[in-house]
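Analysis of the macromolecular model
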Amino acid sequence: MAIGTPVDPRTRTRDQIPEEFTWNLSDIYPGWSDWEAGLAEFERKLAGYAELRGALAEGPERLLKAFRLDDDLGQLSYKLWFYAGLTYDQDQRDNSANARRQKVQILFAKAAEAKSWFTPELLRIALPTVRGWMDANADLAVYRFAIERTYHQQEHVLDEKGEHLLSLSSRFGDAPMDIHSMLANADIKHPVITLADGRQATLTYAQYNALLQTNRNQRDRAAAFHAFHGTFAANQNTYAAVYNGILQRDWFIAQARQFKSTLEAALHSNDIPPAVVENLVATAKAGAEPLRRYHRLRKRVLGLETYHAYDQLVPLIDFDRKYQYAEVIDEIVESMKPLGADYQVNVRKAFEGRWIDVYENPGKRSGAYSAPVYGVHPYMLLNYNDTLDSVFTLAHEMGHSMHTMLSEAHQPFVYSDYTIFVAEVPSTLSEMLFFDHKLSRTTDQRERVVLLQHAIDDVVGTFFRQCLFADYELQAHRTAERGEPITAETLSRIYFDLFKEYHGDAMTYDDSAQITWARVPHFFGSPYYVYQYATCYASSAQLIQKITSGSIDERREGVERFLELLRAGASDYPMRLLKRAGVDLSTPAPVEAVVRQLDTRVTQLEQEIERL
């Protein structure tokens with residue numbers, strides 16, 4: 001189906017958006033009655049776990065039956081969850097869709113309880129016995145890595161009684177995250193400031209970010225920064241107490257499972273050595289000079305006497321070009337040419353098959369994502385607004401969707417997903433390819449500056465900022481592990497010292513920046529998560545060099561190894577998969593590739609600004 005006439009991206013009711021710009025959820029289920037039938041089927045099949053309990057040791061057939069039951073329920077769960085979830089996300093005011101979504105969540109909790117016996121029972125069978133079963137049974141051998149990975153956890157899995165106890169404690173474990181969410185979102189009193197032109201601005205998260213990104217008056221930006229951070233500083237002791245709850249919870253679980261540290265506990269399931277995170281933050285800090293060069297350049301171009309944290313986001317030049325969705329489709333497809341014709345065909349299929357919900361409408365979930373609906377195809381949610389940022393977001397989510405397609409096409413269900421540790425590699429590489437394509441073709445000097453600033457800001461935000469965050473989390477957790485007091489003063493000192501280490505003499509420091517840790521939701525909702533943004537970016541930076549430079553044979557090999565990474569899904573530990581693709585995160589090389597990339601782009605930006 002061809003994409004029709006461009007439409008105005010401003011908010012409108014959903015029925016005013018042409019059909020070709022909305023996703024087609026009937027590919028999952030024709031309607032709610034079919035979804036209800038799927039829900040009933042899931043509940044019926046769930047009874048199969050009770051029949052298998054206590055029987056795994058009887059032989060390979062029983063173990064195979066358990067894994068196949070898990071596969072059946074897993075495949076069904078994708079369709080059940082996303083049919084309700086995607087419907088809800090296209091209008092979150094829809095209470096009926098939300099109720100159905102909650103029904104699935106309740107059923108999933110029931111499934112987790114029904115299966116809680118499985119891992120402890122499997123681990124009571126000697127691994128050599130299970131290996132013998134797999135050697136003799138080709139169908140069971142499909143699950144070899146999944147089984148070996150379960151035994152990899154063995155020394156940290158408690159007995160059935162202990163696992164049950166930990167599962168009960170998990171209900172309390174989410175409390176600090178929920179408290180932070182309420183404090184930082186529901187109960188926050190958004191400050192109001194008066195701008196230089198006399199207008200008043202209420203600093204919601206969205207308005208605060210928009211003001212820092214668009215307002216060219218430094219005093220306005222400063223006022224917004226200090227007022228916004230002041231709301232967190234006013235409750236800093238409460239935020240510190242909440243974060244201490246996170247740190248103590250993580251240390252409790254690590255000790256209960258007999259890990260030496262919270263970092264080891266967080267990385268163990270993916271077999272990632274703690275040295276990977278430690279080397280990441282050390283190498284990033286050592287390579288921060290191009291980051292400082294960029295900020296010195298910004299200070300000079302913006303004509304500022306002093307340069308602060310609130311000056312990092314404002315554009316270097318004004319640029320108001322619009323990028324109509326229908327007009328960038330061909331460019332996105334063309335930019336993927338280095339990855340081969342088959343890859344481009346799949347990208348085109350995503351655009352033409354109504355896999356994408358393009359425009360904003362009242363009630364629609366904000367942001368963007370790619371949803372991996374197994375057995376159907378990926379779906380992408382966008383809130384496309386004709387800006388350059390929205391084009392890069394589209395390229396990013398397309399990378400996720402192609403990863404999903406290739407993984408599901410080449411792996412059995414048990415390995416069809418992929419870990420977060422590799423998830424951002426194809427998405428960031430997709431953005432890099434689009435950037436290279438766009439920069440090599442535009443003759444508009446101002447657009448070249450805007451493109452380079454976007455690419456540099458991406459490195460700053462996705463790599464260096466996340467390395468700083470990862471370093472902060474590591475230091476905060478180690479403070480708790482040493483049994484030292486966790487206070488607002490302690491946490492602010494850790495964050496501010498790191499902020500100064502990264503930015504050096506390129507910035508003037510404001511005390512308000514110290515409290516930044518209190519407003520980062522990842523610290524409270526998903527500890528030891530953000531480092532993966534940085535490792536993925538580093539992996540992409542090294543992979544794109546292999547794909548786009550060198551001889552024809554070297555580039556061809558680089559592409560094939562990258563595509564093999566995408567096809568591999570979760571069939572091995574992520575470090576091994578990346579190493580086969582040519583990225584060894586146990587060495588400084590991937591991080592050094594990012595540093596070189598940033599250094600090159602800052603030099604390019606300097607040259608383009610001189611031409612202007």
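To be clear, the structure that these remarks concern was listed above.
Residues numbered from 1 in each chain as written. Predicted model: local features only at pLDDT ≥ 70, side-chain atom pairs only at ≥ 80, totals over all residues. Heavy atoms only, no water.

1. Brief notes about unusual backbone geometry
Unlike most non-glycine residues, Asp-386 shows phi in positive territory, near 70 degrees. Within the fold, Asp-386 resides in the loop between β5 (377-381) and α19 (388-410). On the accessibility criterion, Asp-386 (3% relative accessible area) is buried. The phi torsion at Tyr-528 lies on the positive side, around 55 degrees, for a residue other than glycine. Looking at the element boundaries, Tyr-528 is found in the loop between α23 (521-525) and α24 (531-548). Residue Tyr-528 is classed as buried on the basis of its relative accessible area, which comes to 9%. (Helix = DSSP H or I, 4+ residues; strand = E, 2+ residues; numbered from the N terminus. Buried < 20%, exposed > 50% of the residue type's maximum accessible area, 1.4 Å probe, protein only.)

2. As for the sheet that holds strand β3 (residues 356-357)
The strand order β3-β5-β4 describes an open sheet built from 3 strands, whose pairing is mixed. This sheet does not close on itself; its edge strands, each paired only once, are β3 and β4 (369-373). Here β4 runs beside β5; their pairing, made up of 5 bridges, is antiparallel. Residue pairing across strands places Ala-371 opposite Tyr-379, the latter belonging to β5. (Pairing = 2+ DSSP bridges.)

3. Digging into the side chain of Asp-471
When you line up the elements, Asp-471 lands in helix α21 (residues 445-481). Classification of Asp-471 as buried rests on a relative accessible area of 4%. Beyond its immediate sequence surroundings of up to four residues, Asp-471 is in contact with Val-281, Lys-285 and Leu-498. (Contact = heavy atoms within 4.5 Å.)

4. Description of the environment of Arg-448
Topologically, Arg-448 is positioned in helix α21. On the accessibility criterion, Arg-448 (19% relative accessible area) is buried. When the C-alpha positions of Arg-448 and Lys-438 are compared, they lie 8.7 Å apart, and in sequence the two are 10 residues distant. Sequence-distant contacts of Arg-448, that is, excluding residues within four places in its chain, are made with Leu-439, Thr-442 and Glu-608.

5. Let's talk about the pairing of β4
Every regular strand shows the same layout, with side chains that alternate between the two sheet faces. Within β4, 5 of the 5 residues are buried, leaving the element largely enclosed by the surrounding structure. Of the two faces of β4, both are covered, the one formed by Tyr-369, Ala-371 and Val-373 as well as the one formed by Ser-370 and Pro-372. The antiparallel hairpin formed by β4 and β5 contains 3 residues in its connecting segment, where Gly-375 sits at a positive phi of about 85 degrees.

6. Quick word on the packing of aromatic side chains
For the structure shown, the criterion picks out 40 aromatic pairs. Taking 5.2 Å as the distance between ring centres and 85 degrees as the angle between the ring planes, the aromatic pair formed by Trp-32 and Trp-35 counts as edge-to-face. Highlighted residues: Trp-32 and Trp-35, both in helix α1 (residues 32-46), separated by 3 residues, approximately one helical turn. A relative accessible area of 23% means that Trp-32 is categorised as partly exposed. A centroid spacing of 4.8 Å and a plane angle of 80 degrees characterise the contact between Tyr-374 and Phe-413, whose relative ring orientation is edge-to-face. Pair noted here: Tyr-374 is in the loop between β4 and β5 and Phe-413 is in the loop between α19 and α20 (420-441), with a separation of 39 residues, a long-range link. Each member of the pair, Tyr-374 as well as Phe-413, carries the same accessibility label: buried. The ring of Trp-32 is capped by Arg-100, whose NZ or CZ atom sits 4.0 Å from the centre of that ring. The aromatic ring of Tyr-509 is capped on one face by Lys-500, whose charged end is 6.0 Å from the ring centroid. (Phe/Tyr/Trp six-rings, centres within 6.5 Å; stacked < 30°, edge-to-face > 60°. Lys NZ or Arg CZ within 6 Å of the ring centre and 35° of its normal.)

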